[in-house]
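# Structural characterization, general
Below, each chain spelled out in residue letters.
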Amino acid sequence: MAMAASSLLSLFKPNLSASKRTIKPLAVLNNSPKMRVPYELKHGQTRLFHQLPSGLNMEVIEQKCNKDPDKRSSESENPPLVFVHGSYHAAWCWAEHWLPFFSSFGYDCYALSLLGQGESDGPTGSVAGTLQTHAGDIADFIQKNLELPPVLLGHSFGGLIIQYYIANIRNEKFIEMKKLYPDLTGAVLVCSVPPSGNSGLVWRYLFSKPIAAFKVTLSLAAKAFQTDLSLCKETFFTSAMEDHLVMRMQKDLQKLEDYMACHRSVLKVLPTT
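Calculation criteria
Residues numbered from 1 in each chain as written. Predicted model: local features only at pLDDT ≥ 70, side-chain atom pairs only at ≥ 80, totals over all residues. Heavy atoms only, no water. Helix = DSSP H or I, 4+ residues; strand = E, 2+ residues; numbered from the N terminus. Buried < 20%, exposed > 50% of the residue type's maximum accessible area, 1.4 Å probe, protein only. Areas by Shrake-Rupley, 256 points an atom, 1.4 Å probe, with all protein chains shown as cover. Phe/Tyr/Trp six-rings, centres within 6.5 Å; stacked < 30°, edge-to-face > 60°. Salt bridge = Lys/Arg side-chain N within 4 Å of Asp/Glu carboxyl O. Polar contact = N/O pair within 3.5 Å; in protein donor to acceptor, adjacent residues only side chain to side chain. Contact = heavy atoms within 4.5 Å. Disulfide = S-S within 2.5 Å. Axes fitted to C-alpha atoms, helices over the stretch in contact; angles between N-to-C directions. Parallel < 35°, antiparallel > 145°, perpendicular 65-115°, else oblique. Nonpolar A, V, L, I, M, F, W, Y, C, P; charged D, E, K, R; others polar.

### Side note on the overall build of the protein
The number of helices and strands found in the protein is eleven helices and seven strands. Across the 273 residues in the protein, those meeting the buried criterion constitute 46%. When the accessible surface of the protein is summed, it comes to about 14,200 Å², and 56% of that surface belongs to carbon and sulfur atoms.

Structural data, given as C-alpha cells:
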C-alpha cells in the first residue's frame, strides 16, 4: 500500500489560496473500545469522535502534517485528505501506511470509520447505512471541520460512496433540503466498486475462476477469513505478505457489522454519470 500511496502523491498539488487554514475541534473519543482488539495508533495520530446530526459518533483517526506551523501560510497550501474505507474495514486500514506517508509530505489526513465499523457508533436499525447516509455523514464531517475543500480517497465500497457524493454535489433536490455536499479539490478511487455496482464483476468472476470465487464467497459470506489465515491472506492481502502481519490485521478485521450497507438500498441509488 505504501507504493500505491507514493504513486498518488503527484495528484495533490493544486494552487490554492494562501489564507491560513483553521480546523474546528472535534470531540475526543472517551467511550470504551468497540473493537475486540483496538487499533494501536502510531506516533502523531489521534483518535477523535465527530458527532453527526443523528447524535451518533463517527470515529476519525487524524494525523496532521509534519510541516512547521509557522510555514502554513506559504504561497500554496495542500488540501486536507479524507480517507473512506471499504467493506469489513475501518479507519485503521489507512493509519498503518497511508496517513504517515501523506502527512510526511505536508498533508493533514483524516481517516473515517463509517457507522457500525471500527470505533464508530452503530445504528439500532437493520443496516448501518446506505450510500446516501454514508455520503451524508462524510459531507457533515467536511462541512463542520475542514476549511479547505479536501481530496476524498475511497477504497472498494468506500469508492462507491465517493462516487455517490460527487454525483450529488450539484443535486438541486439536496440543495433545497439544505443537505449540502461541500465542494472537493479532487477524488481518488482505489480499486473501487464501479458505478454499476459489483454484480457484473461477481458473475464474471464466478464463471472465469469458479474455485477462487468459491473461496471468496466462503471467506466473506461465512466470515471464514476471521479464523482462517490463508483465506484472510487470499481475500484481503497478497501471498507474499508475512503471516505475522496478516495475523495482526486479521485481529483488526474481527470487529464487523453485517449491516454496513443494505445491498438492496445500494442498488436503488447507484451513482449516475
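### Describing the packing of aromatic side chains
The way to describe two aromatic rings as a pair is by their centre distance and the angle between their planes. By the definition in use, this model includes ten aromatic pairs. Ring centres of Phe-101 and Phe-102 lie 5.1 Å apart, and the angle between their planes is 90°; this geometry places the pair in the edge-to-face category. Taken individually, Phe-101 and Phe-102 each receive the classification buried, so the pair is uniform in this respect. The interplanar angle of 90° and the centroid separation of 6.2 Å between the aromatic rings of Phe-102 and Tyr-107 together place this pair among those described as edge-to-face. The exposure class assigned to Phe-102 is buried, which follows from its relative accessible area of 0%. By relative accessible area, Tyr-107 is classed as buried at 0%. What links up through ring pairs into an aromatic cluster is the set Phe-83, Trp-94, Trp-98, Phe-101, Phe-102, Phe-105 and Tyr-107.

### Side note on helix α5 (residues 157–167)
Of all eleven residues that make up α5, nine are buried, and the element is covered over most of its length. Every buried residue of α5 is accounted for by Phe-157, Gly-158, Gly-159, Leu-160, Ile-161, Ile-162, Gln-163, Tyr-164 and Tyr-165.

### Remarks on the pattern of salt bridges
Applying the stated criterion to the full structure yields three salt bridges. For Glu-96, the salt bridge goes to Lys-42, with nearest N and O atoms at 3.8 Å. Of this pair, Glu-96 sits in the loop between α2 (92–95) and α3 (98–103) while Lys-42 sits in the loop between β1 (27–28) and β2 (45–51), placing them 54 residues apart in sequence. For Lys-42, a relative accessible area of 33% puts it in the partly exposed group. Ionic pairing is found between Arg-47 and Glu-59, a salt bridge with its closest N-O pair at 2.7 Å. On the criterion of sequence distance, the pair formed by Arg-47 in strand β2 and Glu-59 in strand β3 (residues 57–63) is long-range, its members being twelve residues apart.

### A word on the side chain of Gln-45
Counting through the fold element by element, Gln-45 comes out in strand β2. The exposure class of Gln-45 is buried, given its relative accessible area of 9%. A polar atom in the side chain of Gln-45 sits 2.9 Å from the side chain of Gln-63. Excluding its chain neighbours within four sequence positions, the residues that come into contact with Gln-45 are Tyr-39, Ile-61, Glu-62, Gln-63, Ala-95, Leu-99 and Pro-100.

### Looking at the state of the cysteines
Counted according to the given criterion, the structure contains zero disulfides. In this structure Cys-109 is a free cysteine whose sulfur lies 8.6 Å from that of Cys-65, the closest cysteine sulfur available.

### Concerning the packing of helix α4 (residues 131–145) against α5
Contact geometry of α4 with α5 gives a least axis separation of 9 Å together with a crossing angle of 75°. Considered as vectors, α4 and α5 are oriented roughly perpendicular to each other. Here Leu-131, Gln-132, His-134, Ala-135, Ile-138, Ala-139 and Ile-142 of α4 come into contact with α5, specifically with Phe-157, Leu-160, Ile-161, Tyr-164 and Tyr-165. Tallied by class, residues from the contact of α4 with α5 come to ten nonpolar, two polar and no charged.

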